Amino acid sequence: MGVAGRGCPRAAPALLLLLLLLLLLLTAAVPPYRGRAEGPPEDIDECENELNGGCVHDCLNIPGNYRCTCFDGFMLAHDGHNCLDVDECLENNGGCQHTCLNVMGSYECRCQEGFFLSDNQHTCIHRSEEGLSCMNKNHGCSHICMEAPKGSVACECRPGFELAKNQRDCILTCNHGNGGCQHSCEDTAEGPECSCHPRYKMHSDGRSCLEREDIALEVMESNTTSVADGDKRVKRRLLMETCAVNNGGCDRTCKDTSTGVHCSCPVGFTLQMDGKTCKDIDECQTRNGGCDHFCRNTVGSFDCSCKKGFKLLTDEKSCQDVDECSLDRTCDHSCINHPGTFTCACSEGYTLYGFTHCGDTNECSVNNGGCQQVCVNTVGSYECHCHSGYKLHWNKKDCVEVKGGLPTSLSPHVSLQCGKSGGGDRCFLRCHSGIHLSPGLQEAYSVTCGSSSPLRNKQQKSNDSAFGDVATVRTSVTFKLNEGKCSLKKAELFPEGLRPVLPEKHSSVKESFRYANLTCSSGKQVPGGPGRPNAPKEMFITVEFELETNQKEVTVSCDLSCIVKRTEKRLRKAIRTLRKAAHREQLHLQLSGVNLEVAKKSPRTSERQIESCAMGQDHGGNQCVSCRAGTYYDGAQERCILCPNGTFQNEEGQITCEPCPRPGSPGTLKTPEAWNVSECGGLCQPGEYSADGFTPCQPCARGTFQPEAGRTSCFPCGGGLPTKHPGATSFQDCETRVQCSPGHFYNTTTHRCIRCPAGTYQPEFGKNHCVSCPGNTTTDFDGSTNITQCKNRRCGGELGDFTGYIESPNYPGNYPANTECTWTINPPPKRRILIVVPEIFLPIEDDCGDYLVMRKTASSNSVTTYETCQTYERPIAFTSRSKRLWIQFKSNEGNSARGFQVPYVTYDEDYQELIEDIVRDGRLYASENHQEILKDKKLIKALFDVLAHPQNYFKYTAQESREMFPRSFIRLLRSKVSRFLRPYK
């Protein structure tokens, strides 16, 4: 296969753009070698002689010195000149899934019987026994098999090999592992021909080189010849000491001077006391080689590396913390970066699972949420409800019997008034009570007014005589604004002399509600093109309303159902008016008498000025800080002040304080700045109760307990169990007949320990309940003891056209047992798929019980790109062998492990030859630094971003581009791009 038209100067504009961008990146200034020797004013090039400076591979001249380097697959010998083969198989099996075979200058991966080597040359794929295809063991290709039209196959070779005339076999060239030669390689018609440096002779294997005996003998005699007495000049005359004979006895460089020969050593070596011998310098012994973290000495040099959670900078010495919180998809809610690691946290009402994910906490699963009667779980919270004839106590958990019936409807907490003003609609949403702000949100907020009905459906009736016939009507609408940002700040709405109240006769909408919620959120910023600034962000404003209709509105001609329909029609009109006002920036919010902006357009650069803080925030130094618990934001004074006596506030960023509960008696004494209802004073403490939750209180009787303050009753232990003492505060004070271990709960009916059912867990001893797993997670088995055993099983689906992730369920937590996931990638026309597997963790205790496979279709005989059933910590990159991919992950009933997160990108097929040349080159994976690049999520995201959309290159500054890659990686890519560009030059 190849790129169409490579023989003529034709290229798609997108291709040329990408290549131009790559060249801009790869020709960035590369920092010079970190040499240590200061050179003389006039440098002598030691490499300019027939012996190549004594180097068997490459000789690099540097000011005042030189150094020898080796080709990939070789390492410098201790003499600093010879090059020895590196046995790549000694480290992590060379990255091979099955068998690693070391050869001179390289290595090969081989597969067990019944498998064949995949295109990435490291992993193995099951063979098919039927049909003539690339999955069949008889396809005949020596290296890579590609499907051709009409069911035939075409063969390709790995980089460094050429396809033989029979179009099946592959011929080795000097471009792969130096052709298997230790020193020099020359391509001939019969294949690579090896030769040795003049100081060496060829081994009988025709590949290896041995030091010549006459050279070794001369060196030995020179090093052992000594004269007890006499000066150096006499010795030089006697021994004819000159650089022309035996290199003057020098290990490395020899220079004739008036006082005799002068020996010197290349960079990374030091001259010994005998003035002849060179010894490798262990740079790591001096200030750790300048490395921030780890230093590893090598012959003639050294390498630095970093601890996990840090990355090596381009100076190849410094380590920088990886800020995982700056990456997408790190945490569901909040992310806190620490040196070398990070932690995730969830908002109130959510529980952390799988290390990074947040799921709704089912508070009702633990002791009925503390509710005396009915507990209803909601997303991010829960509510206690009461049976007919009871109302909810001020503590929101106990139920109090209703005497004399309840009013048929609650007084409105919210009002909406709209009218014509300035040629258009203007609306005011006013909150009178029950105000709550969502704290700590940037460029987003949520305001709640009043209280929602416990009836959960959009329209639902209660025919209970105590309440009368009541219908609750809910409506919700979302407005999309094309530019601007969310703003909840004080606004001057009217010029001087105008009143901020619309006259009654001019009001086109006037409604009252018992509950309203207004949420503003910013969408994604639209990126600009080259030379153009980013477009403003989109905004979304969502408003929810709830009102009640009741029997009082019923007439002879219109029953309750008719009233509901009229109400809904009226609300639809209100929503239309509200939408118009929002698009004109004429939707205003009034909280505690303060007029506020809901949103505003992004100001022009010339108009930008220092902005005031949002509602619920005060200036703290040079930044806006939310009012802390125990205080509230006073709109008139525009600052946070303490909650007055008789009130409390337990949340940050609020604009009111709640009155302390104390029916029938004003203001229990307390100190200002009460941040919790318990600070209001006079509450019954845990283990106590009273008729209203206030003093005087009684201790819970034996056989009962109460873990909370301000309660009107105690919970029974159940099953006739006594407590150890009066005033018990938890079920663990109940004297059970057996002590239940974690993963179990005590059944008070049978007085036995029962295993927690699937989907629940219990980490403590002696409990009478199990905790429900958060959100949509569940456990693999019953008897779970920890939240880590709660796993999300959601996975699979059709993936995006350009970039995305193939991710095991519950990642980075352990994936669930007995699961099956299927994904598909169907790129747009003329695009191919590139995949990077940074690492994959699958258990290897059984015979491939868990596996990941990528192939063309669900058929086991279709072309397979990748297949593995074991842990593989070395990264691998490869292109898909088919234009679309069907991907399946399967785990059996007994296994679980961390799994995988595999990024992919689709790219223009004109780049196919270049991309394949890069990912099939073993040098991409040979260096530890190169491996870290393929594991660097931020870097891979940037590379994929440019591959998918070349114009996105302009998002990255030149400095960012230079700092992304180590020099060795730049050299590798530069050679690939240069070779690929050659036909276009």
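As shown above, the structure is provided for reference.
Heads up: these notes are all about the structure in this document. If you're wondering where the values come from, they're calculated on a predicted model, not measured in any experiment.

**What about the overall build of the chain?**
Along the backbone of the chain there are 10 helices and 69 strands. Out of the 985 residues belonging to the chain, those deemed buried represent 44%. Once local pairs closer than 6 in sequence are excluded, the contacts in the chain between residues at least 24 apart make up 54%. When the accessible surface of the chain is totalled, it reaches about 50600 Å², and 50% of it is carbon and sulfur.

**Examining the state of the cysteines**
Applying the stated criterion to the full structure yields 34 disulfides. The disulfide bridge from Cys-795 ends at Cys-821, spanning 2.0 Å between sulfur atoms. Sign of the S-S torsion, about -90° for the bond between Cys-795 and Cys-821, identifies this disulfide as left-handed. In this pair, Cys-795 is assigned in the loop between β59 (771–772) and β60 (797–798) and Cys-821 in strand β62 (residues 820–825), connecting sequence segments 26 residues apart.

**Regarding the side chain of Asp-634**
Looking at the element boundaries, Asp-634 is found in strand β48 (residues 631–634). Other than its neighbours up to four places away in sequence, Asp-634 contacts Arg-639 and Ile-641.

**Section: the sheet that holds strand β34 (residues 424–431)**
Two pairing modes exist for strands in a sheet, parallel and antiparallel, and in both the strands are linked by backbone hydrogen bonds. The sheet built from five strands is open, its strands ordered β40-β33-β34-β43-β44 with mixed pairing. The open sheet has two free edges, formed respectively by β40 (507–513) and β44 (594–597), since each of these has just one partner strand. Strand after strand, the sheet turns through a mean of 20° between neighbouring axes, direction not considered. Pairing analysis gives five bridges linking β34 to strand β43 (residues 587–591), with the strands arranged parallel. Within the sheet, the bridge partner assigned to Leu-429 lies in β43 and is Leu-589. Here helix α4 (residues 560–583) sits on the sheet and contacts β33 (414–421), β34, β40 and β43; the angle it forms with β34, its principal contact strand, is near 110°.

**Some words on the pattern of salt bridges**
Inspection of the entire model under this criterion finds 18 salt bridges. Of the charged contacts, one joins Arg-793 and Asp-780 as a salt bridge, the two residues approaching to 3.9 Å between their closest N and O atoms. Linking Arg-793 in the loop between β59 and β60 with Asp-780 in the loop between β59 and β60, this pair joins segments that are 13 residues apart in sequence. Note that Arg-898 is salt-bridged to Glu-839, the shortest N-O span being 3.8 Å. Here Arg-898 is found in the loop between β68 (885–890) and β69 (899–908), whereas its partner Glu-839 is found in the loop between β63 (831–837) and β64 (840–841), with 59 residues between them in sequence.

**Here's the deal with the nonpolar core**
Counting residues in each nonpolar core, the largest one holds 47 residues, and the members touching the most others are Leu-416, Ile-541, Phe-545 and Leu-591. Per-element accounting of this core gives the leading share, eight residues, to α4. If we ignore the near neighbours within four places in the chain, the residues touching Leu-416 are Cys-427, Phe-428, Leu-429, Val-509, Lys-510, Glu-511, Phe-513, Phe-545, Ala-574 and Leu-578.

**Brief notes about the packing of aromatic side chains**
Geometrically, a pair of aromatic rings is defined through the distance of the ring centres and the angle of the planes. Taken as a whole and assessed by the stated rule, the structure comprises 10 aromatic pairs. Centroid distance Phe-705 to Phe-715: 6.1 Å. Interplanar angle 45°. Geometry classified as tilted. Taken as a pair, Phe-705 in strand β54 (residues 704–705) and Phe-715 in strand β55 (residues 715–716) lie far apart in primary sequence, 10 residues in all. For the residue pair Phe-705 and Phe-715, the accessibility class agrees, reading buried in each case. Between Phe-705 and Phe-731, the ring centres sit 6.4 Å apart and the planes meet at 70°, which makes this aromatic pair edge-to-face. Placement of Phe-705 in strand β54 and of Phe-731 in the loop between β55 and β56 (744–747) is noted, with a sequence separation of 26 residues between them. Pair check on accessibility: Phe-705 and Phe-731 agree, each one buried.

**A word on the pairing of β44**
Across four bridges, the pairing between β43 and β44 is antiparallel. Each residue of the ladder has a partner; that of Leu-591, found in β44, is Val-594. A loop of two residues connects β43 with β44, the two strands running antiparallel in sequence, and Ser-592 in this loop sits at a positive phi of about 50°.

**Structural notes on a negative patch on the surface**
A grouping of Glu-162, Glu-186, Asp-187, Glu-190 and Glu-193 is seen on the molecular surface, where their side chains present a negatively charged patch. Locating Asp-187 in the fold gives a position in strand β13 (residues 184–188). By relative accessible area, Asp-187 is classed as partly exposed at 42%.

**Observations concerning a positive patch on the surface**
A surface patch of positive charge is lined by Lys-569, Arg-572, Lys-573, Arg-576 and Lys-580. Counting through the fold element by element, Lys-569 comes out in helix α4. Exposure remark for Lys-569: the relative accessible area of 59% places this residue in the exposed category.

**Things to note about unusual backbone geometry**
Between Thr-695 and Pro-696 the backbone carries a cis peptide bond, its omega angle lying at 0°. The amide bond that connects Tyr-811 to the next residue, Pro-812, takes the cis arrangement and shows omega of 5°. When you line up the elements, Pro-812 lands in the loop between β61 (803–807) and β62. Even without glycine at this site, Asn-52 takes up a positive phi of about 60°. Note on placement: Asn-52 falls in the loop between α1 (13–26) and β1 (58–62). With a phi angle near 65°, Lys-830 is a residue other than glycine that sits in the positive phi range. Tracing the backbone shows Lys-830 in the loop between β62 and β63.

**Details of the sheet that holds β68**
One open sheet accounts for five strands, arranged β60-β62-β68-β65-β66; its pairing is mixed. The open sheet has two edge strands with one neighbour each: β60 and β66 (864–868). Taken together, the four bridges between strand β65 (residues 851–855) and β66 define a ladder with antiparallel strand orientation. Bridge assignment links Arg-855 to a residue of β66, and that residue is Thr-864.

**Considering helix α5 (residues 912–919)**
Counting buried positions along α5 yields seven of eight residues, so the element is predominantly enclosed. Of the residues making up α5, those classed as buried are Gln-912, Leu-914, Ile-915, Glu-916, Asp-917, Ile-918 and Val-919.

**Details of the environment of Ile-887**
Structurally, Ile-887 can be placed in strand β68. Taking the C-alpha atoms as reference points, Ile-887 and Lys-856, separated by 31 residues in sequence, lie 8.4 Å from one another. Residue contacts for Ile-887: discarding those within four places in its chain leaves Ile-806, Cys-821, Thr-822, Trp-823, Ile-825, Leu-852, Val-853 and Met-854.

**So, the environment of Val-905**
Structurally, Val-905 can be placed in strand β69. On the basis of relative accessibility, which here comes to 0%, the residue Val-905 falls in the buried class. Each C-alpha atom, one on Val-905 and one on Ile-833, is 5.8 Å from the other, the two residues being 72 residues apart in sequence.

**Details of the pairing of strand β57 (residues 752–755)**
Here β56 pairs with β57 via four bridges, running antiparallel. Bridging across to β57, Phe-745 finds its partner in Ile-754. The loop that links β56 with its antiparallel partner β57 comprises four residues; one of these, His-751, has a positive phi angle of about 55°.

Conventions we followed
Residues numbered from 1 in each chain as written. Predicted model: local features only at pLDDT ≥ 70, side-chain atom pairs only at ≥ 80, totals over all residues. Heavy atoms only, no water. Helix = DSSP H or I, 4+ residues; strand = E, 2+ residues; numbered from the N terminus. Buried < 20%, exposed > 50% of the residue type's maximum accessible area, 1.4 Å probe, protein only. Contact = heavy atoms within 4.5 Å. Areas by Shrake-Rupley, 256 points an atom, 1.4 Å probe, with all protein chains shown as cover. Disulfide = S-S within 2.5 Å. Pairing = 2+ DSSP bridges. Axes fitted to C-alpha atoms, helices over the stretch in contact; angles between N-to-C directions. Salt bridge = Lys/Arg side-chain N within 4 Å of Asp/Glu carboxyl O. Core = buried A, V, L, I, M, F, W, Y, C linked by side-chain atoms within 4.5 Å. Phe/Tyr/Trp six-rings, centres within 6.5 Å; stacked < 30°, edge-to-face > 60°. Patch = residues over 30% accessible without salt bridge, like charges linked within 9 Å, V, L, I, M, F, W, Y side chains within 5 Å. Lys, Arg positive; Asp, Glu negative; His and termini not counted. Charge placed at Lys NZ, Arg CZ, Asp CG, Glu CD.

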